[in-house]
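Survey of secondary and tertiary structure
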Amino acid sequence: MSFNPDLLKKVELHTHLDAGLSYHFIKKQVPDITQKLFREKYIAPDKCHNLGDFLSRIGPSLDLLQKKNVIADVVEDLFRQLKNDNIVYVEIRFAPLLHLRLGLSDCDIVETVLVAMENSSIKYGIEAGLILCTLRHFSEDQSLRTAYLVNKYSHYGVVALDLAADEARYPLNAHLKAFRLVLENGGNVIAHAGEAKGAESVRETMNKLNISRIGHGVRSIENQGVIDSLIERNIHLEICPTCNIVCDIYDTYENHPVNILKQMGVNIGINTDTRTVANITLCEEYLKINRCFNWQYSDFIETNLNALHASFCSKELKNKLEKEIVIL
């Protein structure tokens, strides 16, 4: 029997709201856009020069996402894509402070996304949580501002604080207080690491930010001690293979360490990261892994259960979804 990823009920913990705008959505906002122009403007080339080059491709999407109605619409657009991937639980992330250009307040933005997520969750039958991102190049004040938002909306659907963007160019120092603030409030913290920098960035992030999950973390493969720490602490890696290839962290899919990390016993899950910019769906990602590394249904059920158990949803919801995920 041939492998069909559509059959699997999935968990996705790493998908960026502002990097997943479909052509259907863009066409509503920019009626005269063509498929060709959409590809040129919103989708990265097969190989970017580096992570910074890749991140610059998100700019045109951010230009659009500065009004309440557009932000609400993009949430539903993402849920339609998640439904097509047969996703049953998702944690969506974005940086509220990137959406202030036209006068919205940070609270306006977070509340708009939360309401849209609640509506879409009911409409599409997908359980969801919201992660707020601070960014590597943000100041300490901006990071603290994002942390305050996490704390303020922690009982309304915001489940964690994340640190994203270009780790190679900006240190952790400006974000230590923000992470401490969320932890002291009983909240969850995660961070991107081990993508644009190597294994030492993963070690530093684990030790300084006290995270329970790492976005990417693939370059931990470069140091056995870091791998041992990940396993010992049971830190979940949100792996996004296609995005790593497009960012030129690895030259080919065959050379991506996702399979080795799994074989070594690292707690991993599979994600899209930036659906539009990397031009990938979760079903397509699964198919690539199946063809390249011969993963079968049992392998993906394992990684989906890893992701579910590492998620920030309630124990009751985890128990419910676990039963759905293991049934094909």
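Structure first, text after, so check above.
Structure report, in brief. Please read all numbers here as calculations on a predicted model, not as lab measurements. (Residues numbered from 1 in each chain as written. Predicted model: local features only at pLDDT ≥ 70, side-chain atom pairs only at ≥ 80, totals over all residues. Heavy atoms only, no water.)

Quick word on the overall build of the protein
Our working definition: Secondary structure elements follow DSSP: runs of H or I no shorter than four residues count as helices, runs of E no shorter than two count as strands, and numbering proceeds from the N terminus. For the radius of gyration, the atom set is restricted to C-alpha positions; the globular benchmark scales as 2.2 Å times the number of residues to the power 0.38. Throughout, exposure labels follow a simple rule: accessible area from a 1.4 Å probe, protein chains only, divided by the maximum for the residue type, with under 20% read as buried, over 50% as exposed, and the rest as partly exposed. Throughout, a contact is declared for two residues whenever any of their heavy atoms are within 4.5 Å. Here the accessible surface of atoms and residues is derived via Shrake-Rupley with a 1.4 Å probe, and residues count as covered only by protein chains that are part of the display.
A count of helical and extended segments in the protein gives 15 helices and 8 strands. Computed over C-alpha atoms, the radius of gyration of the protein comes to 18 Å, within 12% of the 20 Å expected from 2.2 N^0.38 for 328 residues, which places it in the range of a compact globule. Projected onto the principal axes, the alpha-carbon positions of the protein cover approximately 50 × 45 × 45 Å. Counting only residues that meet the buried cut, the protein has 57% of its 328 residues in that class. Long-range pairs, those at least 24 residues apart, make up 74% of the contacts in the protein between residues at least 6 apart in sequence. If you sum the accessible surface of the protein, you get close to 13600 Å²; carbon and sulfur atoms cover 49% of it.

Looking at the nonpolar core
To be explicit about the condition: Nonpolar cores were defined as sets of buried Ala, Val, Leu, Ile, Met, Phe, Trp, Tyr and Cys residues, with membership established by side-chain atoms within 4.5 Å.
Counting residues in hydrophobic clusters, the biggest one holds 90 residues, and the most contacted among them are Leu-130, Ile-211, Ile-214 and Leu-230. Ranked by residue count, the leading element in this core is helix α6 (residues 106-124), at 8 residues. The residues touching Ile-211, leaving out its near neighbours within four places in the chain, are Phe-179, Val-189, Ile-190, Ala-191, Thr-205, Met-206 and Ile-235. The next biggest cluster of nonpolar side chains, apart from the first, holds 14 residues, and it includes Ala-44, Cys-48, Leu-51 and Val-277.

Quick word on the packing of aromatic side chains
The cut-off we apply is this: Any Phe, Tyr or Trp ring, taking Trp's six-membered ring, that has another such ring centre within 6.5 Å forms a pair; planes under 30 degrees apart are called stacked, those over 60 apart edge-to-face, and the others tilted.
Summed over all chains, the structure comprises 8 aromatic pairs. Taking 4.9 Å as the distance between ring centres and 35 degrees as the angle between the ring planes, the aromatic pair formed by Phe-3 and Tyr-297 counts as tilted. Linking Phe-3 in the segment before β1 (10-16) with Tyr-297 in helix α14 (residues 297-310), this pair joins segments that are 294 residues apart in sequence. On the basis of relative accessibility, which here comes to 11%, the residue Tyr-297 falls in the buried class.

Section: the side chain of Asp-106
Secondary-structure assignment places Asp-106 in helix α6. Look past the residues within four positions of Asp-106 in its chain and what remains in contact with it is Leu-97, Leu-100, Arg-145 and Leu-149.

Side note on helix α8 (residues 176-184)
The test is simple: When we speak of the arc, we mean the arc of directions from the helix axis to the C-beta atoms.
Among all positions of α8, only Ala-178, Phe-179 and Val-182 are buried. Summarising the axial view, the buried residues of α8 lie within an arc of 95 degrees, below the 170-degree limit, and thus occupy one face. Buried positions along α8 lie against β3 (127-135), α7 (140-152), β4 (158-164), β5 (189-193) and α9 (199-209).

As for the packing of α7 against α8
We count it as follows: Inter-axis angles, ranging from 0 to 180 degrees, are taken between N-to-C directions of lines fitted to C-alpha atoms, where helices are fitted over the stretch in contact. Each angle gets one of four labels, with under 35 degrees taken as roughly parallel, over 145 as roughly antiparallel, 65 to 115 as roughly perpendicular, and the rest as oblique. Left-handed describes a crossing whose near helix is turned anticlockwise from the far helix through less than a right angle; right-handed describes the clockwise counterpart. The classification used treats Ala, Val, Leu, Ile, Met, Phe, Trp, Tyr, Cys and Pro as nonpolar, Asp, Glu, Lys and Arg as charged, and all other residues, Gly among them, as polar.
Running from N to C, α7 and α8 cross one another at 15 degrees; their axes reach a closest spacing of 8 Å. When the axis of α7 is compared with that of α8, the two are roughly parallel. The two elements α7 and α8 meet at a crossing, and its hand is right-handed. Contact residues: Glu-140, Ser-143, Leu-144, Ala-147, Tyr-148, Val-150 and Asn-151 in α7; Lys-177, Ala-178, Leu-181 and Val-182 in α8. Broken down by class, the residue content of the contact of α7 with α8 amounts to 7 nonpolar, 2 polar and 2 charged.

Describing the pattern of salt bridges
Should their charged atoms come close, side chains of opposite charge can pair. Stated formally: We count a salt bridge whenever a side-chain nitrogen from Lys or Arg sits within 4 Å of a carboxyl oxygen from Asp or Glu.
Overall, the coordinates contain 22 salt bridges when judged by the stated rule. With a closest N to O distance of 2.7 Å, Glu-238 and Arg-213 form a salt bridge. Taken together, the residues span a long stretch of sequence, with Glu-238 in strand β7 (residues 236-239) and Arg-213 in strand β6 (residues 213-216) at a distance of 25 residues. As far as the burial class goes, Glu-238 and Arg-213 line up, both buried. For Asp-299, the salt bridge is made with Lys-262, and the minimal N-O distance between the two is 2.9 Å. Residue Asp-299 is located in helix α14, and its partner Lys-262 is located in helix α12 (residues 258-264); the two are separated by 37 residues in the primary sequence. A residue is classified by how much of its surface remains accessible, and Lys-262, at 16% relative accessible area, is buried. The network of salt bridges with shared partners includes Glu-91, Arg-93, Asp-162, Arg-213 and Glu-238.

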